[in-house]
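Chain by chain, the residues run as shown.
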Amino acid sequence: MRARKDKLQGTLDLLVLRTLADGAMHGTSIADRIAQASSDVLLVEEGSLYPALHRMEEAGWVKSHWKTSENNRRARYYQITPGGRRRLEQIERRWTAHVNAVLRVLKPA
Amino acid sequence: MSSWTRVANLLRLGSLERDFDDEIGFHLEERIRRNIAGGMTPEAADAEARRQFGSVRRAKNGMRAARLPSTPLLAAAILSLAAATAYFSLHERVYDLGGNIAAPVPIGRARPEYTSAALREKIQGSVQVECIVRRDGVCSDVTIVRSLDKTFGLDDQAVRAVREWRFRPGLRGGRPVATRVNIELRFTLR
(Lines give C-alpha, C1' and ligand atoms only; values in the text may rest on other atoms or scores of the structure.)
Protein backbone atom coordinates (compact mmCIF):
# COMPACT_ATOMS: atom_id res chain seq x y z
CA MET A 1 0.00 0.00 0.00
CA ARG A 2 2.79 2.38 0.96
CA ALA A 3 4.83 1.54 -2.13
CA ARG A 4 1.77 2.13 -4.30
CA LYS A 5 1.12 5.52 -2.75
CA ASP A 6 4.77 6.52 -3.23
CA LYS A 7 4.61 5.47 -6.87
CA LEU A 8 1.48 7.54 -7.52
CA GLN A 9 2.99 10.52 -5.72
CA GLY A 10 6.19 10.07 -7.74
CA THR A 11 4.16 10.15 -10.97
CA LEU A 12 2.47 13.39 -10.05
CA ASP A 13 5.81 14.95 -9.09
CA LEU A 14 7.27 13.85 -12.40
CA LEU A 15 4.39 15.31 -14.43
CA VAL A 16 4.36 18.60 -12.53
CA LEU A 17 8.13 19.12 -12.58
CA ARG A 18 8.31 18.22 -16.29
CA THR A 19 5.53 20.76 -17.00
CA LEU A 20 7.19 23.48 -14.94
CA ALA A 21 10.53 22.85 -16.66
CA ASP A 22 8.99 24.77 -19.61
CA GLY A 23 8.22 27.87 -17.53
CA ALA A 24 6.35 29.29 -14.53
CA MET A 25 2.57 28.83 -14.41
CA HIS A 26 -0.34 28.61 -12.02
CA GLY A 27 -2.09 25.40 -10.98
CA THR A 28 -4.94 25.58 -13.50
CA SER A 29 -2.49 25.80 -16.38
CA ILE A 30 -0.35 23.00 -14.97
CA ALA A 31 -3.43 20.72 -14.93
CA ASP A 32 -4.37 21.72 -18.48
CA ARG A 33 -0.85 21.19 -19.78
CA ILE A 34 -0.67 17.70 -18.31
CA ALA A 35 -4.07 16.80 -19.81
CA GLN A 36 -3.14 18.24 -23.24
CA ALA A 37 0.31 16.70 -23.39
CA SER A 38 -1.10 13.28 -22.54
CA SER A 39 -4.09 13.66 -24.90
CA ASP A 40 -6.39 13.61 -21.87
CA VAL A 41 -5.12 10.21 -20.75
CA LEU A 42 -3.60 11.57 -17.56
CA LEU A 43 -6.33 13.53 -15.85
CA VAL A 44 -5.16 14.88 -12.55
CA GLU A 45 -7.88 15.33 -9.95
CA GLU A 46 -7.21 19.02 -9.71
CA GLY A 47 -7.78 19.20 -5.96
CA SER A 48 -4.85 16.84 -5.40
CA LEU A 49 -2.53 18.98 -7.49
CA TYR A 50 -2.31 21.72 -4.86
CA PRO A 51 -1.19 19.64 -1.88
CA ALA A 52 1.48 18.22 -4.22
CA LEU A 53 2.64 21.70 -5.26
CA HIS A 54 2.84 22.85 -1.65
CA ARG A 55 4.68 19.68 -0.65
CA MET A 56 7.15 20.22 -3.49
CA GLU A 57 7.70 23.81 -2.46
CA GLU A 58 8.50 22.69 1.10
CA ALA A 59 10.92 20.18 -0.41
CA GLY A 60 12.59 23.02 -2.32
CA TRP A 61 11.81 21.66 -5.80
CA VAL A 62 9.53 24.51 -6.80
CA LYS A 63 9.00 28.03 -5.55
CA SER A 64 5.92 30.18 -5.83
CA HIS A 65 5.01 33.84 -6.03
CA TRP A 66 1.75 35.74 -6.33
CA LYS A 67 1.23 37.58 -9.58
CA THR A 68 -1.62 39.12 -11.53
CA SER A 69 -2.90 36.58 -14.07
CA GLU A 70 -3.61 37.17 -17.78
CA ASN A 71 -7.14 38.21 -16.86
CA ASN A 72 -6.23 40.47 -13.95
CA ARG A 73 -6.72 38.13 -11.02
CA ARG A 74 -4.23 37.44 -8.23
CA ALA A 75 -2.83 33.98 -8.87
CA ARG A 76 -0.06 31.86 -7.41
CA TYR A 77 2.58 30.98 -9.98
CA TYR A 78 4.99 28.11 -9.54
CA GLN A 79 8.43 27.74 -11.01
CA ILE A 80 10.98 24.96 -10.89
CA THR A 81 14.18 25.43 -8.85
CA PRO A 82 17.65 24.00 -9.65
CA GLY A 83 16.97 21.38 -6.97
CA GLY A 84 13.70 20.60 -8.76
CA ARG A 85 15.53 20.07 -12.05
CA ARG A 86 17.89 17.60 -10.38
CA ARG A 87 14.89 15.85 -8.86
CA LEU A 88 13.17 15.77 -12.26
CA GLU A 89 16.20 14.13 -13.90
CA GLN A 90 16.30 11.54 -11.15
CA ILE A 91 12.60 10.58 -11.36
CA GLU A 92 12.70 10.68 -15.15
CA ARG A 93 15.61 8.22 -15.22
CA ARG A 94 13.82 5.90 -12.80
CA TRP A 95 10.61 6.01 -14.81
CA THR A 96 12.28 5.40 -18.14
CA ALA A 97 14.04 2.36 -16.68
CA HIS A 98 10.76 1.11 -15.23
CA VAL A 99 8.78 1.61 -18.45
CA ASN A 100 11.52 -0.01 -20.57
CA ALA A 101 11.54 -3.02 -18.28
CA VAL A 102 7.77 -3.42 -18.60
CA LEU A 103 7.99 -3.03 -22.38
CA ARG A 104 10.67 -5.72 -22.60
CA VAL A 105 8.33 -8.11 -20.79
CA LEU A 106 5.40 -7.23 -23.06
CA LYS A 107 7.40 -7.56 -26.29
CA PRO A 108 10.23 -10.04 -25.80
CA ALA A 109 12.86 -9.60 -28.52
CA MET B 1 13.91 23.83 3.28
CA SER B 2 14.08 22.17 6.66
CA SER B 3 11.12 20.89 8.63
CA TRP B 4 11.65 23.92 10.89
CA THR B 5 10.24 26.18 8.17
CA ARG B 6 7.01 24.28 8.78
CA VAL B 7 7.17 25.22 12.43
CA ALA B 8 7.71 28.81 11.36
CA ASN B 9 4.63 28.48 9.15
CA LEU B 10 2.60 28.00 12.32
CA LEU B 11 3.25 31.62 13.17
CA ARG B 12 1.54 32.78 10.00
CA LEU B 13 -1.32 30.30 10.04
CA GLY B 14 -3.86 33.04 9.24
CA SER B 15 -2.18 34.25 6.08
CA LEU B 16 -1.46 30.65 5.08
CA GLU B 17 -5.20 29.80 5.23
CA ARG B 18 -6.08 32.93 3.25
CA ASP B 19 -3.54 31.92 0.61
CA PHE B 20 -5.13 28.44 0.36
CA ASP B 21 -8.58 30.00 -0.10
CA ASP B 22 -7.30 32.52 -2.66
CA GLU B 23 -5.48 29.86 -4.62
CA ILE B 24 -8.45 27.48 -4.75
CA GLY B 25 -10.80 30.40 -5.48
CA PHE B 26 -8.63 31.48 -8.39
CA HIS B 27 -8.44 27.93 -9.68
CA LEU B 28 -12.21 27.43 -9.71
CA GLU B 29 -12.89 30.78 -11.39
CA GLU B 30 -10.20 30.20 -13.96
CA ARG B 31 -11.49 26.69 -14.66
CA ILE B 32 -15.07 28.01 -15.07
CA ARG B 33 -13.80 30.71 -17.42
CA ARG B 34 -11.94 28.15 -19.51
CA ASN B 35 -14.94 25.80 -19.55
CA ILE B 36 -17.18 28.63 -20.78
CA ALA B 37 -14.58 29.55 -23.40
CA GLY B 38 -14.77 25.89 -24.48
CA GLY B 39 -18.49 26.27 -25.12
CA MET B 40 -20.20 25.30 -21.87
CA THR B 41 -23.12 27.16 -20.32
CA PRO B 42 -22.13 28.99 -17.10
CA GLU B 43 -24.07 26.45 -14.99
CA ALA B 44 -22.43 23.47 -16.66
CA ALA B 45 -19.02 25.18 -16.48
CA ASP B 46 -19.42 25.69 -12.75
CA ALA B 47 -20.56 22.13 -12.06
CA GLU B 48 -17.77 20.71 -14.22
CA ALA B 49 -15.12 22.84 -12.48
CA ARG B 50 -16.19 21.53 -9.09
CA ARG B 51 -16.30 17.94 -10.33
CA GLN B 52 -12.81 18.24 -11.78
CA PHE B 53 -11.48 19.74 -8.58
CA GLY B 54 -12.95 17.18 -6.22
CA SER B 55 -13.27 17.84 -2.49
CA VAL B 56 -12.13 21.35 -1.47
CA ARG B 57 -11.88 20.21 2.12
CA ARG B 58 -9.57 17.35 1.23
CA ALA B 59 -7.40 19.65 -0.88
CA LYS B 60 -7.06 22.13 1.97
CA ASN B 61 -6.23 19.36 4.42
CA GLY B 62 -3.52 18.23 2.04
CA MET B 63 -2.13 21.76 1.71
CA ARG B 64 -2.07 22.14 5.47
CA ALA B 65 -0.34 18.78 5.85
CA ALA B 66 2.30 19.95 3.35
CA ARG B 67 2.92 23.25 5.10
CA LEU B 68 2.53 22.51 8.78
CA PRO B 69 4.64 20.33 11.05
CA SER B 70 3.62 16.74 11.67
CA THR B 71 2.42 15.99 15.19
CA PRO B 72 5.79 14.59 16.43
CA LEU B 73 7.69 17.56 15.01
CA LEU B 74 5.17 19.94 16.53
CA ALA B 75 5.55 18.23 19.88
CA ALA B 76 9.33 18.48 19.60
CA ALA B 77 9.09 22.17 18.75
CA ILE B 78 6.82 22.95 21.67
CA LEU B 79 9.01 20.94 24.04
CA SER B 80 12.20 22.69 22.99
CA LEU B 81 10.51 26.07 23.22
CA ALA B 82 9.31 25.26 26.73
CA ALA B 83 12.75 23.95 27.68
CA ALA B 84 14.46 27.08 26.33
CA THR B 85 12.03 29.35 28.17
CA ALA B 86 12.52 27.43 31.40
CA TYR B 87 16.29 27.45 30.94
CA PHE B 88 16.50 31.19 30.40
CA SER B 89 14.12 32.07 33.20
CA LEU B 90 16.02 29.83 35.64
CA HIS B 91 19.42 30.78 34.34
CA GLU B 92 19.17 34.52 34.19
CA ARG B 93 22.68 35.90 34.22
CA VAL B 94 24.01 36.27 37.75
CA TYR B 95 26.57 39.01 38.49
CA ASP B 96 29.17 39.04 41.21
CA LEU B 97 29.39 42.23 43.23
CA GLY B 98 32.06 44.80 42.50
CA GLY B 99 32.91 46.67 39.34
CA ASN B 100 29.89 48.46 37.93
CA ILE B 101 27.36 46.40 39.87
CA ALA B 102 25.42 48.17 42.63
CA ALA B 103 24.86 45.78 45.54
CA PRO B 104 21.33 44.75 46.49
CA VAL B 105 19.94 46.39 49.62
CA PRO B 106 18.01 44.35 52.19
CA ILE B 107 14.59 45.88 52.88
CA GLY B 108 13.17 43.07 55.00
CA ARG B 109 15.31 40.87 57.23
CA ALA B 110 13.96 37.86 59.07
CA ARG B 111 15.84 37.00 62.29
CA PRO B 112 17.05 33.41 62.39
CA GLU B 113 15.37 31.51 65.17
CA TYR B 114 16.98 29.08 67.59
CA THR B 115 15.86 25.50 67.72
CA SER B 116 15.11 24.21 71.21
CA ALA B 117 17.94 21.68 70.90
CA ALA B 118 20.45 24.42 69.97
CA LEU B 119 19.18 26.56 72.87
CA ARG B 120 19.73 23.63 75.23
CA GLU B 121 23.25 23.18 73.87
CA LYS B 122 23.87 26.96 74.21
CA ILE B 123 25.33 27.24 70.72
CA GLN B 124 26.37 30.74 69.62
CA GLY B 125 28.13 32.13 66.60
CA SER B 126 27.38 32.85 62.97
CA VAL B 127 26.49 31.03 59.78
CA GLN B 128 27.66 32.41 56.50
CA VAL B 129 25.47 31.72 53.50
CA GLU B 130 25.70 32.59 49.86
CA CYS B 131 22.61 33.25 47.78
CA ILE B 132 21.43 34.78 44.55
CA VAL B 133 19.30 37.88 44.94
CA ARG B 134 17.07 37.69 41.91
CA ARG B 135 15.68 40.66 40.05
CA ASP B 136 12.43 40.38 42.01
CA GLY B 137 14.40 40.86 45.25
CA VAL B 138 13.95 37.29 46.49
CA CYS B 139 16.85 35.02 47.51
CA SER B 140 17.29 31.73 45.72
CA ASP B 141 19.98 29.05 45.56
CA VAL B 142 20.92 29.51 49.20
CA THR B 143 24.03 27.53 50.18
CA ILE B 144 26.06 27.41 53.38
CA VAL B 145 29.55 28.84 53.01
CA ARG B 146 30.56 28.52 56.67
CA SER B 147 28.62 26.22 58.92
CA LEU B 148 27.94 26.72 62.63
CA ASP B 149 25.83 23.75 63.57
CA LYS B 150 24.68 20.84 61.45
CA THR B 151 23.48 18.74 64.42
CA PHE B 152 20.96 20.92 66.24
CA GLY B 153 19.52 22.70 63.22
CA LEU B 154 21.02 26.21 63.24
CA ASP B 155 22.44 25.90 59.69
CA ASP B 156 18.96 25.04 58.44
CA GLN B 157 17.45 27.89 60.45
CA ALA B 158 19.89 30.34 58.82
CA VAL B 159 18.91 29.15 55.34
CA ARG B 160 15.23 29.39 56.28
CA ALA B 161 15.65 32.96 57.51
CA VAL B 162 17.53 34.14 54.41
CA ARG B 163 14.80 32.76 52.16
CA GLU B 164 12.44 35.24 53.81
CA TRP B 165 14.67 38.25 53.27
CA ARG B 166 13.60 40.78 50.68
CA PHE B 167 15.96 43.05 48.76
CA ARG B 168 16.01 45.97 46.44
CA PRO B 169 17.82 44.09 43.67
CA GLY B 170 21.37 44.81 42.54
CA LEU B 171 21.70 47.19 39.61
CA ARG B 172 23.79 47.20 36.48
CA GLY B 173 23.61 50.39 34.47
CA GLY B 174 20.45 51.27 36.41
CA ARG B 175 18.69 48.01 35.52
CA PRO B 176 17.91 45.31 38.11
CA VAL B 177 20.06 42.20 37.72
CA ALA B 178 20.53 39.00 39.70
CA THR B 179 23.55 39.16 42.00
CA ARG B 180 25.45 36.67 44.14
CA VAL B 181 25.81 37.84 47.74
CA ASN B 182 27.21 36.59 51.03
CA ILE B 183 25.18 37.02 54.19
CA GLU B 184 26.25 36.37 57.77
CA LEU B 185 23.56 35.39 60.27
CA ARG B 186 24.40 35.60 63.97
CA PHE B 187 22.97 33.40 66.69
CA THR B 188 23.41 35.08 70.10
CA LEU B 189 22.04 33.95 73.43
CA ARG B 190 20.62 36.67 75.63
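Residues numbered from 1 in each chain as written. Chains lettered and ligands numbered in written order. Predicted model: local features only at pLDDT ≥ 70, side-chain atom pairs only at ≥ 80, totals over all residues.

As for the overall build of chain B
- Helices and strands together make up the secondary structure of chain B, namely 7 helices and 8 strands.
- Burial statistics for chain B: of 190 residues in total, 20% are counted as buried.
- Relative to all contacts within chain B whose residues are 6 or more apart in sequence, the contacts with residues 24 or more apart total 71%. (Helix = DSSP H or I, 4+ residues; strand = E, 2+ residues; numbered from the N terminus. Buried ≥ 20, exposed ≤ 12 C-beta atoms within 10 Å, placed from the backbone. Contact = placed C-beta atoms within 7 Å.)

Some points on the environment of Thr179(B)
Residue and element names in this part refer to chain B.
- Examined against the element boundaries, Thr179 turns out to sit in strand 8 (residues 175-187).
- Sequence-wise, Thr179 and Asp96 are 83 residues apart; in three dimensions their C-alpha atoms are separated by 5.7 Å.
- Setting aside its immediate chain neighbours within four residues, Thr179 contacts Val94, Tyr95, Leu97, Ile101, Ala103, Pro104, Val133 and Gly170.

Some remarks on the sheet that holds strand 1 (residues 25-26) of chain A
Residues and elements named next belong to chain A.
- Read across the open sheet, the 3 strands follow the order 1-3-2; overall the sheet is antiparallel. Every interior strand has two partners, whereas the edge strands, strand 1 and strand 2 (62-68), have only one.
- Sheet analysis places strand 1 next to strand 3 (residues 74-80), joined by 2 bridges and oriented antiparallel. The partner of Met25 across the bridge, within strand 3, is Tyr78. (Pairing = 2+ DSSP bridges.)

Quick look at the interface of chain A and chain B
- Taken residue by residue, the interface counts 17 residues in chain A and 23 residues in chain B.
- Going through the elements one at a time, helix 2 (27-37), helix 3 (46-59) and strand 3 of chain A are the ones with two or more residues in the side of chain A that touches chain B.
- With 9 residues, the top contributor of residues to the side of chain A that touches chain B is helix 3 of chain A.
- The class makeup of the residues in the side of chain A that touches chain B is 4 nonpolar, 6 polar and 7 charged. (Nonpolar A, V, L, I, M, F, W, Y, C, P; charged D, E, K, R; others polar.)

Overview of the packing of helix 2 (residues 13-37) of chain B against helix 3 (residues 42-53) of chain B
All names here are of chain B.
- Interaxial distance between helix 2 and helix 3 falls to 8 Å at its minimum, and their mutual angle equals 130 degrees. Classified by the interaxial angle, the pair formed by helix 2 and helix 3 is oblique. Where helix 2 crosses over helix 3, the handedness of that crossing is right-handed. Here His27, Leu28, Arg31, Ile32, Asn35 and Ile36 of helix 2 lie close against helix 3, whose contacting residues are Pro42, Ala45, Asp46, Glu48, Ala49, Gln52 and Phe53.
- When grouped by side-chain class, the residues that make up the contact of helix 2 with helix 3 number 7 nonpolar, 3 polar and 3 charged. (Axes fitted to C-alpha atoms, helices over the stretch in contact; angles between N-to-C directions. Parallel < 35°, antiparallel > 145°, perpendicular 65-115°, else oblique. Left-handed = near helix turned anticlockwise from the far one by under 90°.)

Focus: the environment of Arg180(B)
- On the secondary structure map, Arg180(B) appears in strand 8.
- C-alpha of Arg180(B) to C-alpha of Gly170(B): the two residues are 10 residues apart in sequence and 9.2 Å apart in space.

Description of the nonpolar core
- Counting residues in hydrophobic clusters, the biggest one holds 21 residues, and the most contacted among them are Val16(A), Leu20(A), Leu49(A), Ala52(A), Leu53(A), Met56(A) and Val62(A).
- Counting residues per element, the ones that place at least two in this core are helix 1 (2-20), helix 2, helix 3 and strand 3 of chain A together with helix 4 (56-67) of chain B.
- With near-sequence residues (within four places) excluded, Val62(A) lies in contact with Leu20(A), Leu53(A), Met56(A), Glu57(A), Tyr78(A), Gln79(A), Ile80(A), Thr81(A) and Gly84(A).
- Counting residues in hydrophobic clusters, the runner-up holds 18 residues, among them Tyr114(B), Val129(B), Val133(B) and Leu185(B). (Core = buried A, V, L, I, M, F, W, Y, C linked by C-beta atoms within 7 Å.)

Considering the pairing of strand 4 (residues 125-133) of chain B
Residues and elements named next belong to chain B.
- The pairing of strand 4 with strand 8 spans 9 bridges and is classified as antiparallel. Looking across to strand 8, one finds that Ser126 is bridged to Arg186.
- In terms of strand pairing, strand 4 meets strand 5 (residues 139-146) through 5 bridges, oriented antiparallel. The residue of strand 5 that forms the bridge with Glu130 is Thr143.
- Linking two consecutive strands that pair antiparallel, namely strand 4 and strand 5, is a turn of 5 residues; a positive phi of about 85 degrees is found at Gly137 within it.

Topic: the packing of helix 3 of chain A against helix 4 of chain B
- Here helix 3 of chain A crosses helix 4 of chain B at 5 degrees, and the two axes come no closer than 8 Å. Here helix 3 of chain A is positioned roughly parallel relative to helix 4 of chain B, judged by the angle of their axes. Taking contact as the criterion, the partners of Gly47(A), Ser48(A), Tyr50(A), Pro51(A), His54(A), Arg55(A) and Glu58(A) in helix 3 of chain A are, on helix 4 of chain B, Val56(B), Arg58(B), Ala59(B), Gly62(B), Met63(B), Ala65(B), Ala66(B) and Arg67(B).
- Here the residues of the contact of helix 3 of chain A with helix 4 of chain B are counted per class, giving 7 nonpolar, 4 polar and 4 charged.

Examining helix 2 of chain A
Residue and element names in this part refer to chain A.
- Residues of helix 2 that are buried include every one of Gly27, Thr28, Ile30, Ala31 and Ile34, and no others. Relative to the axis of helix 2, the buried residues are bounded by an arc of 165 degrees and lie together on one face.
- Once helix 2 finishes, Ser39 follows within two positions and takes phi at roughly 50 degrees, a positive value. (Arc of directions from axis to C-beta.)

With respect to the pairing of strand 3 of chain A
All names here are of chain A.
- Relative to strand 3, strand 2 runs antiparallel, the two sharing 7 bridges. In the sheet register, Lys67 faces strand 3, and the bridge partner there is Ala75.
- The loop that links strand 2 with its antiparallel partner strand 3 comprises 5 residues; one of these, Asn72, has a positive phi angle of about 65 degrees.

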